[in-house]
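Read off the chains here:
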Amino acid sequence: MASRSTSSLCTTTLLLLVVSWATSASARNFYQDFDITWGDGRAQILNNGDLLTLSLDKASGSGFQSKNEYLFGKIDMQLKLVPGNSAGTVTAYYLSSNGSTWDEIDFEFLGNLSGDPYILHTNVFSQGKGNREQQFYLWFDPTADFHTYSILWNPQRIIFSVDGTPIREFKNAESIGVPFPKAQPMRIFSSLWNADDWATRGGLVKTDWTQAPFTASYRNFNADNACVWSSGSSSCSSSSSSSDGNAWLSEELDSTSQERLKWVQSNYMIYNYCTDAKRFPQGFPPECTMS
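Visitor: A description of the pairing of strand β14 (residues 214–230) should follow, citing residues and the corresponding values.
Guide: In terms of strand pairing, strand β3 (residues 51–56) meets β14 through six bridges, oriented antiparallel. By the bridge assignment for β14, L56 is matched with F214. Across two bridges, β14 lies against strand β15 (residues 233–234) in antiparallel orientation. Bridging across to β15, S230 finds its partner in S233. What sits between β14 and β15 in their antiparallel hairpin is a turn of two residues, with S231 showing a positive phi close to 50°.

Here's what the structure looks like:
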């Protein structure tokens, strides 16, 4: 009887070990998903792949990119930005394709003097043309803790969100002649670099190198709901729909999310290209007239 119990216990322990190994093997980490692309050691993957840090000093910044390319996706990353006096620094986190007519979806975080708010800069490029900037202050200190910055990109729209709150929606307006990013697969990129010629108050405030190195941190990347592009084909079938777990491919803002978007844009938006009459004396871009 004792030998049977021991045998049963061993079998149970073995099963638990197998389950534990399978779970840990399926858990994503930065080693699996990203390549450090530049910075001579200033970018580091730490904590068994759970944390990635980028650093900037006077000699160089640093950056990374995703191993996978994506053609549509719901992509989350948690960032903790450079603390203290970050004036002159830019932490860029974005999706981009290659070539002269590239597509791109941007989050850029423009550093500032200690105590002054970061500026969150967003932009959308399609077929090599951008000039669609919207900028925001955040309603929290993005250097004190990690916060989730998300891009939902499907054939109908691009939604930028912070901690689940939408801050910007860029709709597909091809029907009125506006190109939309939908044909070029994009990688995820991030970099921390010195841009004190323009980043802080138009370049008036320079980087204080006595504060270096400047460091931004990343964790909890999630692209489970995304179409991976490989060898000319997508991991999502052409008939993918909400019925097979791809609801995000047709996701739009519900009434609650629309109200939250209006709240952010009313209280925290500090620049909108669609209201910059000096920049567009011949009239605003056509998508600006869309509701």
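Visitor: Now, about unusual backbone geometry: what can you tell me, with residues and values included?
Guide: Residues A212 and P213 are joined by a peptide bond in cis, for which omega reads 0°. Assignment of secondary structure puts P213 in the loop between β13 (187–194) and β14. We note that D40 has phi near 50°; this positive angle belongs to a residue other than glycine. Its place among the elements puts D40 in the loop between β1 (34–38) and β2 (44–46). Of note, the phi angle at N220 is positive, near 55°, even though the residue is not glycine. Relative to the elements of secondary structure, N220 occurs in strand β14.

Visitor: Describe the state of the cysteines, naming the residues involved and giving the relevant values.
Guide: Across all of its chains, the model carries two disulfides by this definition. Disulfide pairing places C227 opposite C236 at an S-S distance of 2.1 Å. Of note, the bridge from C227 to C236 carries an S-S torsion of about -100° and is left-handed in sense. A relative accessible area of 3% means that C227 is categorised as buried. Across the disulfide, C274 is cross-linked to C288 (sulfur-sulfur distance 1.9 Å). Across the S-S bond of C274 and C288 the torsion is about -75°, and the bridge reads as left-handed. Of this pair, C274 sits in the segment after β16 (269–272) while C288 sits in the segment after β16; the two residues are 14 residues apart in sequence, bridging distant segments of the chain. In the chain, the bonded cysteines, taken in the order they occur along the sequence, pair up as 1-2, 3-4.

Visitor: Describe the pattern of salt bridges, listing the residues and the values that go with them.
Guide: Applying the stated criterion across every chain yields a total of nine salt bridges. Close ionic contact of K262 with E259 constitutes a salt bridge, the shortest N to O distance being 3.8 Å. One end of the pair, K262, and the other, E259, are both in helix α3 (residues 255–267), three residues apart, so they sit about a helical turn from each other.

Visitor: So what's going on with the nonpolar core? Which residues, and what values?
Guide: Formed by 59 residues in total, the largest nonpolar core has its most connected members in M77, F107, Y149, W153, I158, Y218 and F221. It is β14 that provides the largest number of residues to this core, a total of seven residues. Within the second largest apolar cluster, five residues are counted, among which are V90, I119, A195 and A199.

Visitor: Just give me the short version of the side chain of E104, but keep the residues and values in it.
Guide: Assignment of secondary structure puts E104 in strand β7 (residues 104–110). Although E104 lies buried, it forms no salt bridge, and the closest oppositely charged side chain, R132, sits 11 Å away as judged by the N-O distance. At a separation of 2.8 Å, a polar atom in the side chain of E104 contacts the side chain of W102. When near neighbours in sequence (up to four residues on either side) are disregarded, E104 contacts Y94, L95, S96, N123, V124, F125 and M186.

Thresholds applied
Residues numbered from 1 in each chain as written. Predicted model: local features only at pLDDT ≥ 70, side-chain atom pairs only at ≥ 80, totals over all residues. Heavy atoms only, no water. Pairing = 2+ DSSP bridges. Helix = DSSP H or I, 4+ residues; strand = E, 2+ residues; numbered from the N terminus. Disulfide = S-S within 2.5 Å. Buried < 20%, exposed > 50% of the residue type's maximum accessible area, 1.4 Å probe, protein only. Salt bridge = Lys/Arg side-chain N within 4 Å of Asp/Glu carboxyl O. Core = buried A, V, L, I, M, F, W, Y, C linked by side-chain atoms within 4.5 Å. Lys, Arg positive; Asp, Glu negative; His and termini not counted. Polar contact = N/O pair within 3.5 Å; in protein donor to acceptor, adjacent residues only side chain to side chain. Contact = heavy atoms within 4.5 Å.

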